[in-house]
Amino acid sequence: MNRRIVFATGNKDKIREASQILDGFDIPVVSMKEAGVSADPEENGTSFEENALIKARAVAALLESDSDIVLADDSGLVIDALDGEPGIYSARYLGHDTSYHEKNLHLISRLDGVPDEKRSARFVCAIAAILPDGTELTTTGSFEGSIGYEEKGDHGFGYDPIFYLPDLGVYSAELSDEEKHARSHRGQALRAMRDLLKERLV
Ligand code: IMP
């Protein structure tokens, strides 16, 4: 039985991070493309968990092997002073074609006049898994910080340059991949999923 973990993403960084975290299973983590499927379902759920499940179910429905495990994630930035925006709409915020530089500057300008103590925010990630017997599992992780007053740092992606980590005194885009993965929403959710899978995949 050639079990695989098929990650419903086209993002190589996500596959690499998942492979590192799920290393102990001896089950290869492959992309949708490597598994020979492609799915881009409408993410019309109302939570990160629902959207992760929508992606995982769409891929599971296309796979012919009945021994594959499907993983999918959904994530975003939740800003308290903006009632949780951009939230589940983080990737679509201001339109897919708008650069993150513009999105970041726009968010900073929307927080104009908001004092430090009210600039709290978090990155949230949900991971969904569908097991060969159809069992659905979800885990979540959250990475606490606040919205800064400028962009800083060259690492990471998306909203990392405006996500300030008060405890460390740096922006998320100033962390190395390893430093970020050790604390990030996605790292936490993946490690929690690894622990759930450990109990089931013996
Ligand atoms: P997803 O790939 O559909 O989960 O898209 C989530 C969106 O949330 C990304 O396009 C980014 O805009 C944002 N996002 C999620 N995680 C991070 C992160 O670790 N750093 C910066 N932006 C993030």
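Here the structure is a predicted model, which is why all the values come from computation and not from measurement.

> What is the right way to look at unusual backbone geometry in this model?
When glycine is set aside, most residues are seen to have a negative phi, and most peptide bonds are trans. The residue after Glu-85, namely Pro-86, is reached through a cis peptide bond having omega -10 degrees. With respect to the helices and strands, Pro-86 occurs in the loop between β3 (69-79) and α3 (100-110). With phi around 65 degrees, Asp-26 is a residue other than glycine that occupies positive phi space. Tracing the backbone shows Asp-26 in the loop between α1 (12-21) and β2 (29-31). For Asp-83, which is not glycine, the phi torsion reads 55 degrees and is therefore positive. You can see Asp-83 is positioned in the loop between β3 and α3. A relative accessible area of 79% means that Asp-83 is categorised as exposed.

> When you look at the nonpolar core in this model, what are you seeing that I'm missing?
One broad rule of soluble globular proteins: the nonpolar side chains tend to lie buried together. Core analysis: the largest hydrophobic core is formed by 21 residues, its most contacted members being Ile-5, Leu-22, Val-29, Leu-71, Ile-127, Met-193 and Leu-197. Counting only elements with at least two residues in this core, the list comes to β1 (5-7), α1, β3, β4 (120-130) and α5 (185-200). Of all hydrophobic cores here, the second largest spans 20 residues; its members include Val-37, Ala-56, Leu-63 and Ile-130.

> I'm lost on the packing of α1 against α5 in this one. Help?
The geometry of a pair of packed helices is captured by two quantities: the angle between their axes and the separation between those axes. Packing of α1 against α5 leaves a shortest axis separation of 10 Å and a crossing angle of 45 degrees. With respect to α5, the axis of α1 lies oblique. The handedness of the crossing between α1 and α5 comes out as right-handed. On the side of α1, the interface is formed by Lys-14, Glu-17, Ala-18 and Ile-21, while α5 contributes Arg-186, Gly-187, Leu-190, Arg-191 and Arg-194.

Procedures and definitions
Residues numbered from 1 in each chain as written. Predicted model: local features only at pLDDT ≥ 70, side-chain atom pairs only at ≥ 80, totals over all residues. Heavy atoms only, no water. Helix = DSSP H or I, 4+ residues; strand = E, 2+ residues; numbered from the N terminus. Buried < 20%, exposed > 50% of the residue type's maximum accessible area, 1.4 Å probe, protein only. Core = buried A, V, L, I, M, F, W, Y, C linked by side-chain atoms within 4.5 Å. Axes fitted to C-alpha atoms, helices over the stretch in contact; angles between N-to-C directions. Parallel < 35°, antiparallel > 145°, perpendicular 65-115°, else oblique. Left-handed = near helix turned anticlockwise from the far one by under 90°. Contact = heavy atoms within 4.5 Å.

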